[in-house]
Amino acid sequence: MGETDDNVAAFTHQAKKHSEHVEEVETVLQPFQPSESPRSLPNRIMVYNLVGMVFNHVDEVGDVSAIEVEFHDSTLYHSFTVSNVCQYEMASLSSEALCLASRLKDEQSSLLHCEHFGSWDSSTEWTIPMPKKEDIECVAQGSGWIAAATSCLNLRLFTTGGVQREVLSLPGPVLTMAGWENQLVVVFQIGVGDSTALHVWVLDVAHCRQVTEPRLLSLSPDSTLKWIGFSGNGKLGVFDSTGILRILTSLYGHQWIPVLDAKQSKKNFYFPVGLTDNPDELRCILCKGQDYPPLHPRPVMMAIPLKVPVCEPETEKGKIEEAYIRNKLMHPERAEEAENVKGLMKMFAIACKSSRLMSALEIAKMFPNEDSISVAIAYCSKSHLSVLQNKISSFLQEKSLAEDTEEEAMDDQAYSQYSVRSTLTTNSQEIDRHATTPK
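Residues numbered from 1 in each chain as written. Predicted model: local features only at pLDDT ≥ 70, side-chain atom pairs only at ≥ 80, totals over all residues. Heavy atoms only, no water.

*Asks:* Could you clarify how one ought to interpret the sheet that holds strand β20 (residues 255–261) in this entry?
*Replies:* Neighbouring strands of a sheet are bound in pairs by backbone hydrogen bonds; such pairs are parallel or else antiparallel. Taken together, the four strands give an open sheet; going across it, the order is β17-β18-β19-β20, and neighbouring strands pair in antiparallel fashion. This sheet does not close on itself; its edge strands, each paired only once, are β17 (225–230) and β20. The mean angle between the axes of side-by-side strands here comes to 25°, regardless of whether they run parallel or antiparallel. Judged from the six bridges that link them, strand β19 (residues 244–249) and β20 form a sheet pairing that is antiparallel. (Pairing = 2+ DSSP bridges. Helix = DSSP H or I, 4+ residues; strand = E, 2+ residues; numbered from the N terminus. Axes fitted to C-alpha atoms, helices over the stretch in contact; angles between N-to-C directions.)

*Asks:* What should I look at first to understand the pairing of strand β22 (residues 280–288) in this one?
*Replies:* Residues in a regular strand project their side chains so that they alternate between the two faces of the sheet. Relative to β22, strand β21 (residues 268–277) runs antiparallel, the two being bridged by nine bridges. Pairing of Thr276 across the sheet is with Glu281, part of β22. The turn joining β21 and β22, which pair antiparallel and follow one another in sequence, is formed by two residues. In this structure, β22 lies alongside strand β23 (residues 302–305), joined through four bridges in antiparallel fashion. Residue pairing for β23: Leu282 is matched across the bridge by Ile304.

*Asks:* Sorry if this is basic, but what is going on with the side chain of Glu70 here?
*Replies:* Mapped onto the elements of the fold, Glu70 is located in strand β3 (residues 65–71). For Glu70, the side chain forms a polar contact with the side chain of Arg298, separated by 3.0 Å. For Glu70, the residues in contact, after removing those within four places along its chain, are Gly52, Met53, Phe55, Ser79, Leu93 and Arg298. (Polar contact = N/O pair within 3.5 Å; in protein donor to acceptor, adjacent residues only side chain to side chain. Contact = heavy atoms within 4.5 Å.)

*Asks:* When you look at the nonpolar core in this model, what are you seeing that I'm missing?
*Replies:* Soluble, globular proteins show a tendency: their nonpolar side chains are buried together. If you look at the biggest cluster of nonpolar residues, it comprises 23 residues, and the most contacted ones within it are Phe348, Phe367, Ile373, Leu388 and Ile392. Elements represented by at least two residues in this core include exactly α2 (316–330), α3 (338–353), α4 (357–364), α5 (370–382) and α6 (386–436). Tallying contributions element by element places α3 first for this core, with seven residues. Beyond its immediate sequence surroundings of up to four residues, Phe367 is in contact with Val341, Leu344, Met345, Phe348, Ser372, Ile373 and Ala376. Core analysis: the second largest hydrophobic core is formed by 18 residues, Leu260, Leu282, Val308 and Met330 among them. (Core = buried A, V, L, I, M, F, W, Y, C linked by side-chain atoms within 4.5 Å. Buried < 20%, exposed > 50% of the residue type's maximum accessible area, 1.4 Å probe, protein only.)

*Asks:* Mind showing me how you'd approach unusual backbone geometry here?
*Replies:* Keep in mind that most residues, glycine aside, have a negative phi and that most peptide bonds are trans. Across the junction of Asn278 and Pro279, the peptide omega takes the value 5°, indicating a cis bond. A cis geometry characterises the amide bond from His296 onward to Pro297, with omega recorded as -5°. Residue Leu153 is not a glycine yet carries a positive backbone phi of 60°. Looking at where Leu153 falls in the secondary structure, it is placed in the loop between β10 (145–150) and β11 (154–159). On the accessibility criterion, Leu153 (30% relative accessible area) is partly exposed.

*Asks:* Just to check I follow, could you spell out α3 for this structure?
*Replies:* Residue pairs three or four apart in sequence face the same way in an α-helix, which turns once every 3.6 residues. With 16 residues, α3 should reach 22 Å at 1.5 Å per residue; the first-to-last C-alpha distance of 22 Å fits that figure. When α3 is considered as a whole, its buried residues turn out to be Asn340, Val341, Gly343, Leu344, Met345, Met347, Phe348, Ala349, Ala351 and Cys352. Positive phi appears at Ser355, one or two residues downstream of α3, with a value of about 60°. (Expected span 1.5 Å × (residues − 1).)

*Asks:* Mind showing me how you'd approach a negative patch on the surface here?
*Replies:* Taken together, the side chains of Glu336, Glu370, Asp371, Asp404, Glu406 and Glu407 present a region of like negative charge at the surface. Broken down by secondary-structure element, the contributors of at least two residues to the negative patch are α5 and α6. In terms of residue count, α6 provides more of the negative patch than any other element does, three residues in total. Structurally, Glu336 is set in the loop between α2 and α3. (Patch = residues over 30% accessible without salt bridge, like charges linked within 9 Å, V, L, I, M, F, W, Y side chains within 5 Å. Areas by Shrake-Rupley, 256 points an atom, 1.4 Å probe, with all protein chains shown as cover. Salt bridge = Lys/Arg side-chain N within 4 Å of Asp/Glu carboxyl O. Lys, Arg positive; Asp, Glu negative; His and termini not counted. Charge placed at Lys NZ, Arg CZ, Asp CG, Glu CD.)

*Asks:* I keep staring at the sheet that holds strand β7 (residues 111–116) and nothing clicks. Help me out?
*Replies:* With respect to topology, four strands assemble into an open sheet ordered β5-β6-β7-β8, the strand pairing being antiparallel. For this open sheet the edge positions go to β5 (88–93) and β8 (125–129), each flanked by a neighbour on one side alone. Across the sheet, the mean angle separating the axes of adjacent strands is 15° when strand polarity is ignored. As defined by bridge partners, β7 adjoins β8 across five bridges and the pair is classed as antiparallel. Following the sheet pairing, Glu115 is matched in β8 by Glu125.

So yeah, pure geometry; function would need other evidence.
Below, the structure written as structure tokens:
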């Protein structure tokens, strides 16, 4: 009998552990807006970005709620306040519109609301209720469009004027979203609990196409996603709870590359606000003891220069290499600009002076054009590095020959396509001639 009781107790214990495990595994990450403070707070930041700030205030009784909107550039728009009788919890702010959304509560539908700053008629605002049992979980906006992701795994797209455009199906529950001009990025979840994987999906809303297919989001080990957004030039960045900022580049078929280690601690947290390209900086708010800023006093932004986490960052060589890598990532269009070539020349000179001629040759092959390679050859001649000079000269000849061959191949392909089109046109004319000739 005692053995049976022991077996029953063991089974009960295992069942309880299994129940706790299932409850833990079935937990889904809660959706959030970039640059917002926790939604559980009565007085909170709804959004804080490079355009302005949206705050929610609740009176001391807790009955009256108001939303306050402030702009960093007061010449753009004046600050204003709107009543929050609809209990809006989400906000997205741009120079074009303020977008608000409320959650599904009892018999009250989830609402999408827009204050359109650029409207040229008297209809400066609109509100659309979601279908029954469909709850808005995230909102974002870009140039001429607004997106709302819902609990039914719908991604609803609207024009800024309130016209419904498309309804897309999401592959998994949304975690967060952000927009910039034509681009919308959606972070969604696949799996639950410890097996949860975050995926990123980038869409071109204006042209109804994918920029990238859904792909895994790279985060630091044992970290969580804290922010996602675009820079002024459209670079997509993500910031995790360890303080690592990564951007999505077209290199190696769209890969995540770290561009900053903010070195967060348990006492100092960085609350991201935005990403800038000129200069390359993360705009953020330093928070003490918690990962979000207080409402009072008003949070003040600071700027952290981007620095790719290279090896030996304190050495001259490391500093030059870091600047070169960062410029290549953030500004690929500047590859042939004087500042970028100057950095490569410094790397080349350091390698030569250190008698690391193999490295010098590798750096020479990174120069963007023949003129800069010729400068490297002249430097070798002046420094009496004849072997290195000959190797770089041979590389330049091979490069020129390869470019000529590629150009000839492109000309041949263009000629072949022209010949095919000419033949088709001639055949078509011949068919038309026979078709119209009386029998």
